[in-house]
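Next come the chains, spelled out residue by residue.
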2 protein chains.
Amino acid sequence: MPSSIPRPGAPVRGSASGKPIMALFDLLGRSWALGVIWQLSNGPMTFRQLQESCESVSPTVLNNRLKELRETGVVARGDGGYALTPTGRELFVLLEPFGAWSIRWAERFPGNEPSA
Amino acid sequence: MPSSIPRPGAPVRGSASGKPIMALFDLLGRSWALGVIWQLSNGPMTFRQLQESCESVSPTVLNNRLKELRETGVVARGDGGYALTPTGRELFVLLEPFGAWSIRWAERFPGNEPSA
DNA sequence: TCCTGTTGCTACTTTTTGTGTAGCATATTA
DNA sequence: TAATATGCTACACAAAAAGTAGCAACAGGA
């Protein structure tokens, strides 16, 4: 059984009253949710393509994440497979800076020398 | 046993070679990771305060998340309990816009009327 | 029409995570 | 000394994810 889909206004992890930010964190804080959005930012992908580009995601989980992301208006199916909706693209705009940030984070990672 | 801590450069979910963005998504895509960072943005909190403000988080998980966030340089312990490091505050700066966005998302949520 | 390949899944078993509750050891304050 | 807070650890249980198999629907092509 898929876990319940986080909806703002309904109880979610972190908020019995469903504060939107907590509903969003519940949605995004599930395995592969962020990864799927990241992959789809490059354009529509089929289920199988997503499976390949997200190494080691199981079809069960991928299907659950896609269901959740569709029901929350972030992803939709169309030509060429799954794609971000306008809402999803908005979300990606917020997510995009994490790419560059993660690289700087990696460089100064505790125990890493800044790679010469 | 706590799950392994995602480190850029080491294999993580989504990337055998540990692409930084995938390591970051692995770190943040665990339950309560985003919520903890969000809570700590208001200032340092004790373990118990975090437990209370994150409704329904179990101490086991909270402790695991804090360990991971500390070892990845996002959170540290100091006066007044746990607090974001400068790195953690940087991360929060990227996260902050999600607050406002989530409210708009809630308003036009599939099945919600834009509240009059 | 039969074969071959692709796609989007579902089913199932095993392993990993998270929940929920209890409670302990170490301060701190009265 | 007792009461309180703090930062946990230890379970027993439940939920989620991994890993693998395979099926139904469709699209060519021979």
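A quick note: this is a predicted structure, and the numbers were derived from the prediction, not measured.

### Comments concerning the protein's contact with DNA strand C
Reasoning step 1: What surrounds DNA strand C is a group of 17 residues, the closest being A:Phe47, A:Arg48, A:Asn63, A:Tyr82 and B:Ser3.
Reasoning step 2: For DNA strand C, the backbone makes up 57% of the atoms found within 4 Å of the protein, where backbone means sugar plus phosphate.
Reasoning step 3: In the model, a phosphate oxygen of DNA strand C is placed 2.7 Å from a nitrogen or oxygen of the A:Phe47 main chain.
Reasoning step 4: Contact between DNA strand C and B:Arg65: a phosphate oxygen at 2.9 Å from a side-chain N or O atom of the residue.
Reasoning step 5: Counting residues per element, the ones that place at least two in the surface near DNA strand C are α3 (47-53) and α4 (59-71) of chain A together with α4 (59-71) of chain B.
Reasoning step 6: Within the surface near DNA strand C, the residues separate by chemical class into six nonpolar, eight polar and three charged.

### Digging into the relation of the copies chain A and chain B
Reasoning step 1: Taken as rigid bodies, chain A and chain B are interconverted by a rotation of 180° and an axial shift of 0.0 Å, the fit giving an RMSD of 0.0 Å. The symmetry that links the two subunits is that of a two-fold axis. Judged by C-alpha distance, A:Gly29 is the residue of chain A that lies nearest the rotation axis, at 2.1 Å.
Reasoning step 2: Looking at the interface residues of chain A, 98% of them are also at the interface in chain B, so both copies use one shared face.

Conventions used here
- Residues numbered from 1 in each chain as written.
- Chains lettered and ligands numbered in written order.
- Predicted model: local features only at pLDDT ≥ 70, side-chain atom pairs only at ≥ 80, totals over all residues.
- Heavy atoms only, no water.
- Near = heavy atom within 4 Å.
- Polar contact = N/O pair within 3.5 Å; in protein donor to acceptor, adjacent residues only side chain to side chain.
- Helix = DSSP H or I, 4+ residues; strand = E, 2+ residues; numbered from the N terminus.
- Nonpolar A, V, L, I, M, F, W, Y, C, P; charged D, E, K, R; others polar.
- Least-squares fit on C-alpha atoms with pLDDT ≥ 70 in both.
- Contact = heavy atoms within 4.5 Å.

Function cannot be inferred from these measures alone, as they are strictly geometric.
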